[in-house]
Amino acid sequence: MFHHIKDLQFNARVSRPDPKFARLLLQQFGGPNGELKAAMQYFIQAFPCRKTHPDKYDLLMDIATEEFSHLEIVGATIQMLLTGVAGKLKEEADESELMQILDGKSKRDDLVHDAFIHPHFYVESGGGPMLTDSMGNPWSGNFINANGDLTVDMRSNMGAESRAKIVYEYLMQFTDDPYVKESLSFLMTREIAHYQMFEAALATIEPNFPPGILQGDPRFSNTYFNMSRGEDFKGPWNEGQTTQLGETLRNIDDPAAHVRATEGLTQETISGTDRTPELVQELAAELSAQRSAEIKAANPPGPMQWSDYGTENTTTPDPSAGE
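From a predicted model like this one, the values you see are computed outputs, not experimental measurements. (Residues numbered from 1 in each chain as written. Predicted model: local features only at pLDDT ≥ 70, side-chain atom pairs only at ≥ 80, totals over all residues. Heavy atoms only, no water.)

A. Seen up close, a negative patch on the surface. Among the surface-exposed residues, Glu231, Asp232, Asp253 and Asp254 lie close enough to one another that they form a single negatively charged patch. Among the secondary structure elements, Asp253 is positioned in the loop between strand S2 (250-252) and helix H11 (255-261). Classification of Asp253 as partly exposed rests on a relative accessible area of 47%. (Patch = residues over 30% accessible without salt bridge, like charges linked within 9 Å, V, L, I, M, F, W, Y side chains within 5 Å. Areas by Shrake-Rupley, 256 points an atom, 1.4 Å probe, with all protein chains shown as cover. Salt bridge = Lys/Arg side-chain N within 4 Å of Asp/Glu carboxyl O. Lys, Arg positive; Asp, Glu negative; His and termini not counted. Charge placed at Lys NZ, Arg CZ, Asp CG, Glu CD. Helix = DSSP H or I, 4+ residues; strand = E, 2+ residues; numbered from the N terminus. Buried < 20%, exposed > 50% of the residue type's maximum accessible area, 1.4 Å probe, protein only.)

What follows is the structure, encoded as structure tokens:
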């Protein structure tokens, strides 16, 4: 149940109208890394874990709701930056700014240029935010990443917060309005906070690597293929131990020769790890049983209800009623 409070979470302010920056800010209103994408992603991810992981459900719903409040901050900022535009669009044509622009070639060219970039923003919005990115591309449900596995979703969310953070960082370079920068800094900082929350939540899920249930083939989980020619670099990604499985990394300097020698890797051998095919199957079976048991225990058979409004006052309908 949502309850809207008309005051913003952070008091958005602007020094003066700036329609061009308002258009740029649409990137965080209806863009692929914007606030609506985040709100809908976390909102959708929450449903499958309502019973199995109620703590993660609470986290996802809390952050999803906060993201809706951030969408409101962005929309309010865009609206203030467009102050005056809506009024001009309502004036009679012979007195409007658009007619005045026709008297000046440079201004007219600017208008035409802007219209090519995002025509809908000027001719359809009526001077308000639109559910598009800064180029006029409409918001899409394809932006959402929700896989029904918390270890996958939490990692997706950490990436989402990282991308949103860097967009705000870039946006702040395109405005000199201290009030707008103040709002963008708040929104950027909340991305940092949410990243840490999702990271902490992921750490409470055991095991959480690899993502999902199935374990990786031990023949290929610790192999680094040197797929480019030129100066080669060494680092913890191709030498030492793997970060999660603790296997010894092996570096294949000539991948083409190695692939031919192993008949397209079909004859690859296990090296640098204690994991075996048998152990991998056992771990996958154990984790599969664990996840299945969690779901079954959280969803007993029989009638279900999402919310508990006081079961003592709830009557069970007679299945034979109406026959």
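B. Fine view of empty space enclosed by the protein. According to the stated counting rule, one finds two cavities of 30 Å³ or more in the structure shown. Reported here for the largest cavity is a volume of approximately 50 Å³. Lining the largest cavity, in full, are Asn33, Gly34, Glu35, Lys37, Ala38, Tyr42, Ala160, Glu161, Ala164 and Glu191. If you list the elements that add at least two residues to the lining of the largest cavity, you get helix H3 (35-46) and helix H9 (150-171). Residue contributions to the lining of the largest cavity peak at four residues, all from H3. (1 Å grid on protein atoms, 1.4 Å probe; cavity = no way out; pocket = protein on both sides within 12 Å on 5 of 7 lines; lining within 4 Å. Points joined across faces, edges and corners; volume = space filled by probe spheres on them.)

C. Just the pattern of salt bridges, in detail. Within the structure shown, the criterion is met by nine salt bridges. Put simply, Glu169 and Lys165 hold a salt bridge, and the shortest N to O gap is 2.6 Å. Placement of both Glu169 and Lys165 in helix H9 is noted, with a separation of four residues, approximately one turn of the helix. Looking at Lys165, the relative accessible area reads 23%, which means it is partly exposed. For Arg275, the salt bridge goes to Glu247, with nearest N and O atoms at 2.8 Å. Of the two residues, Arg275 sits in the loop between H11 and helix H12 (277-298) while Glu247 sits in the loop between strand S1 (223-225) and S2, which places them 28 residues apart along the sequence. Note on accessibility: Arg275 and Glu247 belong to one class, buried.

D. Quick peek at the packing of H3 against H9. Where H3 contacts H9, the two axes come as close as 11 Å, and the packing angle between them is 170°. What the angle tells us is that H3 and H9 run roughly antiparallel. Judged by residue contacts, Glu35, Lys37, Gln41, Tyr42 and Gln45 of H3 engage Asp153, Ser156, Asn157, Ala160, Glu161 and Tyr168 from H9. Here the contact of H3 with H9 is built from residues that sort into three nonpolar, four polar and four charged. (Axes fitted to C-alpha atoms, helices over the stretch in contact; angles between N-to-C directions. Parallel < 35°, antiparallel > 145°, perpendicular 65-115°, else oblique. Contact = heavy atoms within 4.5 Å. Nonpolar A, V, L, I, M, F, W, Y, C, P; charged D, E, K, R; others polar.)

E. Highlighting the nonpolar core. Membership of the largest hydrophobic core comes to 23 residues, with the highest contact counts inside it found for Leu25, Ile78 and Leu184. Looking at this core, the elements that each hand over two or more residues are helix H1 (19-25), helix H4 (54-81), H9 and helix H10 (178-203). If we ignore the near neighbours within four places in the chain, the residues touching Ile78 are Ala22, Leu25, Leu26, Phe29 and Pro129. Membership of the second largest hydrophobic core comes to 18 residues, among which are Ala46, Tyr57, Met61 and Leu150. (Core = buried A, V, L, I, M, F, W, Y, C linked by side-chain atoms within 4.5 Å.)

F. Geometry of H12. For H12, spanning 22 residues, the distance from its first C-alpha to its last is 32 Å, which sits close to the expected 32 Å at 1.5 Å a residue. Turning to H12, its buried residues number three or more, namely Val280, Ala284, Leu287, Arg291 and Ala298. Within H12, the buried residues cover an arc of 75° as seen down the axis, which keeps them to one side. Looking at H12, the residues exposed on the side facing more than 90 degrees away from the buried face are Glu278, Gln281, Glu286, Lys296 and Ala297. (Expected span 1.5 Å × (residues − 1). Arc of directions from axis to C-beta.)

G. Highlighting the packing of aromatic side chains. Within the structure shown, the criterion is met by eight aromatic pairs. Ring centres of Phe10 and Phe186 lie 4.6 Å apart, and the angle between their planes is 15°; on these two criteria the pair is classed as stacked. With a gap of 176 residues between them, Phe10 in the segment before H1 and Phe186 in helix H10 connect regions that are remote in the sequence. Put simply, the rings of Phe2, Phe43, Phe47, Tyr57, Phe68 and Trp306 pair up and form one aromatic cluster. The lysine or arginine in question, Arg50, covers the ring of Tyr57, its NZ or CZ lying 5.1 Å from the ring centre. Of note, Arg50 hangs over the ring of Trp306, and the distance from its end group to the ring centre comes to 5.5 Å. (Phe/Tyr/Trp six-rings, centres within 6.5 Å; stacked < 30°, edge-to-face > 60°. Lys NZ or Arg CZ within 6 Å of the ring centre and 35° of its normal.)

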